[in-house]
Amino acid sequence: MPLFILRRILQSFNVLFVMSLLVFAGVYAIGNPLDLLVDPNATADDTARAAASLGLDQPLWVQYGRFLGNALQGDLGNSFIHGVPALGLIVERLPATLELAVVAMLIAVLLGIPLGLWAGLKPDSWSGRAIMAGSILGFSLPTFWVGLMLIMVFAVQLGWLPASGRGPTVDVLGVSISLLTADGWRHLLLPAANLALFKLSLIIRLTRSGTREALLQDYVKFARAKGLSNARVVGVHVLKNILIPIVTVVGLEFGSLIAFSVVTESIFAWPGMGKLLLDSITQLDRPVVVAYLLLVVTLYVVINLAVDLLYAALDPRVRLAGARA
Amino acid sequence: MNAQREPTLVVGRLTTRFAGLGGAVTAVDEVSFNVAPGEVLGLVGESGSGKSMTGFSILGLVDPPGEITGGSIRLKGRELRGLPAREWRALRGDRIAMIFQDPMMTLNPVLRIDTQMIETVRAHRRVSRDAAREMARDALARVGIPSPDERLRAYPHQLSGGMRQRVAIAIALLNAPDLIIADEPTTALDVTIQAQILFEMQTLCRESGTALIWITHDLAVVAGLADRVCVMYAGRIVEQGSTAQVLETPAHPYTRGLLDSTPAANVQPDKAGRPQPLRQIPGMAPSLKELPAGCAFRPRCTRASTLCEQTPPEVELARGHVARCFHPLSAAEGLKS
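Residues numbered from 1 in each chain as written. Chains lettered and ligands numbered in written order. Predicted model: local features only at pLDDT ≥ 70, side-chain atom pairs only at ≥ 80, totals over all residues. Heavy atoms only, no water.

Participant: So what exactly am I meant to see when it comes to the overall build of chain A here?
Facilitator: What chain A contains, in helices and strands, is 13 helices and 2 strands. If you line up chain A on its principal axes, its C-alpha atoms span 85 × 60 × 35 Å. Counting over 325 residues, chain A shows a buried share of 42%. Expressed as a percentage of contacts within chain A between residues at least 6 apart in sequence, the contacts between residues at least 24 apart total 73%. Carbon and sulfur atoms make up 68% of the accessible area of chain A, which totals about 16,500 Å². (Helix = DSSP H or I, 4+ residues; strand = E, 2+ residues; numbered from the N terminus. Buried < 20%, exposed > 50% of the residue type's maximum accessible area, 1.4 Å probe, protein only. Contact = heavy atoms within 4.5 Å. Areas by Shrake-Rupley, 256 points an atom, 1.4 Å probe, with all protein chains shown as cover.)

Participant: Please explain unusual backbone geometry as it appears in this structure.
Facilitator: Phi is mostly negative for residues that are not glycine, and the peptide bonds are mostly trans. All names here are of chain B. In this structure, proline 65 follows proline 64 across a cis peptide bond, with omega equal to 10°. In this structure, proline 65 sits in the loop between helix H1 (51-59) and strand E4 (66-75). Not every positive phi belongs to a glycine, and serine 147 is a case in point at roughly 40°. Topologically, serine 147 is positioned in the loop between helix H5 (129-142) and helix H6 (148-152). For serine 147, a relative accessible area of 37% corresponds to the partly exposed category.

Participant: What is the right way to read the sheet that holds strand E11 (residues 314-318) of chain B from this model?
Facilitator: In any sheet, the strands associate via hydrogen bonds between backbone groups, in a parallel or an antiparallel arrangement. All names here are of chain B. With respect to topology, 8 strands assemble into an open sheet ordered E6-E7-E8-E3-E9-E10-E12-E11, the strand pairing being mixed. The open sheet terminates on both sides in strands that have one partner only, identified here as strand E6 (96-99) and E11. Taking each pair of neighbouring strands and ignoring which way they run, the sheet shows an average axis angle of 20°. Of the strand pairs in this sheet, strand E3 (residues 40-44) and strand E9 (residues 228-233) are connected by 4 bridges, and their pairing is parallel. The residue bridging valine 44 from the neighbouring strand is valine 231, located in E9. Against the sheet, helix H8 (residues 191-208) engages E3, E6, strand E7 (179-183) and strand E8 (211-216), with an angle of about 155° to E8. (Pairing = 2+ DSSP bridges. Axes fitted to C-alpha atoms, helices over the stretch in contact; angles between N-to-C directions.)

Participant: Hey, could you run me through the packing of aromatic side chains in this one?
Facilitator: Any pair of aromatic rings gets described here by the distance separating the centres and the angle formed by the planes. Within this structure, the stated rule accounts for 10 aromatic pairs over all chains. On the numbers, 6.1 Å between centres and 45° between planes, the contact of A:Phe154 with A:Trp160 is tilted. Among the aromatic residues, ring-to-ring pairing joins A:Phe24, A:Tyr64 and A:Phe67 into one connected group. Positioned over the ring face of A:Trp118 is A:Lys122, at 5.5 Å from the centre of the ring. One cation-aromatic arrangement involves A:Lys221 over B:Phe56; the distance from NZ or CZ to the ring centre is 3.9 Å. (Phe/Tyr/Trp six-rings, centres within 6.5 Å; stacked < 30°, edge-to-face > 60°. Lys NZ or Arg CZ within 6 Å of the ring centre and 35° of its normal.)

Participant: Teacher, can you tell me more about the domain arrangement of chain A here?
Facilitator: Where interface size is given, it is often the accessible area lost as the parts come together that is meant. Residue and element names in this part refer to chain A. Segmentation of chain A into domains returns domain 1 (2-72) and domain 2 (87-314). Of note, the centres of domain 1 and domain 2, computed from C-alpha atoms alone, are 33 Å apart. Each partner contributes residues to the interface: domain 1 has 21 residues there, and domain 2 has 15 residues. Of the roughly 1,500 Å² buried between domain 1 and domain 2, counting both surfaces, carbon and sulfur atoms make up 81%. Run the count over domain 1 and domain 2 and you get 0 salt bridges. On the surface where domain 1 and domain 2 come into contact, there are 1 residue pair in polar contact (both at pLDDT 80 or more). (Domains from an automatic or database assignment. Buried area = accessible area lost by both parts, 1.4 Å probe. Salt bridge = Lys/Arg side-chain N within 4 Å of Asp/Glu carboxyl O. Polar contact = N/O pair within 3.5 Å; in protein donor to acceptor, adjacent residues only side chain to side chain.)

Laid out in structure tokens, this is it:
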């Protein structure tokens, strides 16, 4: 097991390296940040000085070499715009995004699995069909549109919930959290619901198809032949088997929630990482973009590792291959 | 034989149908038989003959759109048909147990053996987990599983196929049921393991007075195990009687055909020393959707006449030996050539 984890960490360094190379070249290809940073009326002298101070006067491979050298010492560079360390800028926004993602995922899992089970157990009932029809809507409606509708109904017309921003935060061990105040929750509810909708539909469909498949298995018939109650057959025998694929998907989707909740954060003016990324891309703030994507890759690696460990805990047939490739 | 004792199970004109788009299909058609305590009844037939569905009907586990539409199932004098779902559930795994064909598929792969055994005990009686575990261990020991304490903590994939089937049998025995329905439980196993399990099942049922219905397509298994045999074809029992009566003097042409197509280890080679070719029943088993009127075996039968377009009557050839046929073979004809 420790060997398995160690191997994963080494592999992730390869991924990080390739990722940094791609992003570096990609942002370079988009345009020259100097055009945006320096006043158009500045003299050529001023421009050259700015370029030199940011290291932008060097050829790309020298710039990358410097970045790599610093990155290995834990320094991902300073933001061109804000002049502060890029990583710090991102980590500052991390709690806001994280709490949004966690609440959205909880909504998706806690509603999705029971609804999916129900739809799988009663595929021909009107309630089962209604759940499936709803999940198709959740799949196909664009996030931004749903977000706007949520604001229109709950914030503008009904006036129940605030339309934008994050509520008051409380510092816990240096991390600012808005989940501890009622107003914080009121601010969180709409963006979290918006973000959860697609994942909810995905989990419903996954749970339903898993349930329908499991119900045909001999072990379910045998469990019923043993005289077990329906609750036990479904809640233990079926659920424990279908949880295995669900955990995988939830893990990966959780990663994408953290990394790419850009649209929702923009609509609800949620001060998270997604909004920062968007701003940084439009301003060609390369250090922030690179640092952001490296952080995202790291998150994915960690989540994947957690999924694999959970997998082994859920499925006794899985043995983590530590010794061989 | 226990003919004078009150039977454990009396099935009378049991009919199970499946409603479908192309009209209803009768999977079990007016099936009647009895099983006495300690008796082994062999239920023989090809795939799709309705033998497994008969078993599931007795357990009350026919999935929609299937439904028991007629007849009665009496367990120790109590009518099961029309029982509320809750009461039927209480009987399953307690008074009637079932063993399935494929031991690789019947145990839940993600639950430990002890979990799967203890839940079976606790679904039916209020005992502590420790007491239930004790019962589980005893049951494993009874079916010949070495070091049962260790096996209890194992997951199914850590056991061999034969071992898993023993676990399934131990689960069936846990609550000392009145009736066990075994649906081809040895088909997936090696012959040596099969022989051991057959012998053990026979002994266990004799000792405890448990009635056993053994569903199989294998006449050789029936010959060594069953007291009485029912032969099913297209949802109907076409012949039933004691094992000796049915296997030695078959009266229904279908039974005769089945016997002829069974490979035997002691076949006499012909003059050139080559083994004799197996005889086959001509044609295919019919689809239940398009059964011919009258006797379903008619199109494949060499003795069929226009009379066979009517539903054949039950003919009692000897005491307890019944065939559903207009032209049953006489005892002399039925003897193996």
